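Residue-level structure breakdown
Now for the letters of each chain:
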Amino acid sequence: MVFILQQLIAFVSQPLAFVLFTLQAPVLADPWALVTSVYAHSGVDHLLANAIALAVVGFLLERHTTRARFHVFFLTTGVAAGVFQIGIASLFGVDAALLGASGAVFGLIGYLVTGNRLSGRLFDRIDLSGRATLAIFILLAVLVTLVTAAPGVALAAHFFGFLLGLVAGQLNLLRPPRNASLK
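In this report, we go over the structure that sits alongside the text.

What counts and what doesn't
- Residues numbered from 1 in each chain as written.
- Predicted model: local features only at pLDDT ≥ 70, side-chain atom pairs only at ≥ 80, totals over all residues.
- Heavy atoms only, no water.
- Phe/Tyr/Trp six-rings, centres within 6.5 Å; stacked < 30°, edge-to-face > 60°.
- Helix = DSSP H or I, 4+ residues; strand = E, 2+ residues; numbered from the N terminus.
- Buried < 20%, exposed > 50% of the residue type's maximum accessible area, 1.4 Å probe, protein only.
- Axes fitted to C-alpha atoms, helices over the stretch in contact; angles between N-to-C directions.
- Parallel < 35°, antiparallel > 145°, perpendicular 65-115°, else oblique.
- Left-handed = near helix turned anticlockwise from the far one by under 90°.
- Contact = heavy atoms within 4.5 Å.
- Nonpolar A, V, L, I, M, F, W, Y, C, P; charged D, E, K, R; others polar.
- Expected span 1.5 Å × (residues − 1).

Concerning the packing of aromatic side chains
- According to the stated counting rule, one finds four aromatic pairs in the structure shown.
- Summarising the aromatic geometry, the rings of Phe73 and Tyr111 are spaced 5.7 Å apart at their centres and angled 70° between planes, so their arrangement reads as edge-to-face. Of this pair, Phe73 sits in helix H5 (residues 67–91) while Tyr111 sits in helix H6 (residues 102–114); the two residues are 38 residues apart in sequence, bridging distant segments of the chain. Each of the two residues, Phe73 as well as Tyr111, counts as buried.
- Among the aromatic residues, those joined into a cluster by ring pairs are Phe84, Phe159 and Phe160.

Below is the structure:
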């Protein structure tokens, strides 16, 4: 729905669509873009790539959380990954503009890696300090980022989204309280 709205507004005014849907520095100059940029995409191919990945990961997670938790997690990791991408670009003096859900999708993938029974049992058996666990998570995030690297890809957003997902999965943040309904 956001993509269709984005395309309609771009048809009328490309600069207005850019302001409404693209996250850029300073990120608080257009605060709505923190949210809209997560749901906007650069084209149909970008939208489909994120939608397919989201569908695969989403189907695996949907039975283990509530809709509200899933959506809040998706949006939060998407926003955080976007802000991280813009921040890293700014540190290097690069003017970056960002849109898309891949940081959020990578957050969900990271959650799947650590928020399951198998990895839970593995981490229970291996007595690692918090620092060692974080170091392993950072290494995994770097590896995943390098594997998915391509021109024009928001690598820092992928890295940070995946890292957030790994930590959230370890903490089982999407698991609702025992008495909550999964609707």
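Focus: the packing of H5 against H6
- Contact pair H5 / H6: the axes reach a minimum separation of 7 Å and the direction vectors enclose 120°. Classified by the angle between their axes, H5 and H6 sit oblique to one another. Considering how the two elements wind past one another, H5 and H6 form a crossing that is right-handed. Along its contact with H5, which presents Phe70, Phe73, Phe74, Thr77, Gly78 and Ala81, the element H6 presents Gly103, Ala104, Val105, Gly107, Leu108 and Tyr111.
- Counted by class, the contact of H5 with H6 contains eight nonpolar, four polar and no charged residues.

Quick word on H5
- Taking 1.5 Å per residue as the helical rise, H5 with its 25 residues ought to reach 36 Å, and the 36 Å between its terminal C-alpha atoms agrees with that figure.
- Those residues of H5 that fall on the buried side of the exposure criterion are Phe70, Phe73, Phe74, Thr77, Gly78, Val79, Ala81, Gly82, Gln85, Ile86 and Ala89.
- Contacts made by the buried residues of H5 are with strand S1 (23–24), helix H3 (33–39), helix H4 (44–61), strand S2 (97–98), H6 and helix H9 (155–170).
- Following H5 by one or two positions, Gly93 adopts a phi angle in the positive range, close to 70°.

What about the packing of helix H8 (residues 130–147) against H9?
- The N-to-C vectors of H8 and H9 enclose an angle of 140°; their axes lie 9 Å apart at closest approach. Considering their axes alone, H8 and H9 lie oblique with respect to each other. Relative to H9, the crossing made by H8 is right-handed. Touching Leu134, Phe137, Ile138, Leu140, Ala141, Val142, Val144 and Thr145 of H8 are Leu155, His158, Phe159, Phe162, Leu163, Leu166, Val167 and Gln170, all from H9.

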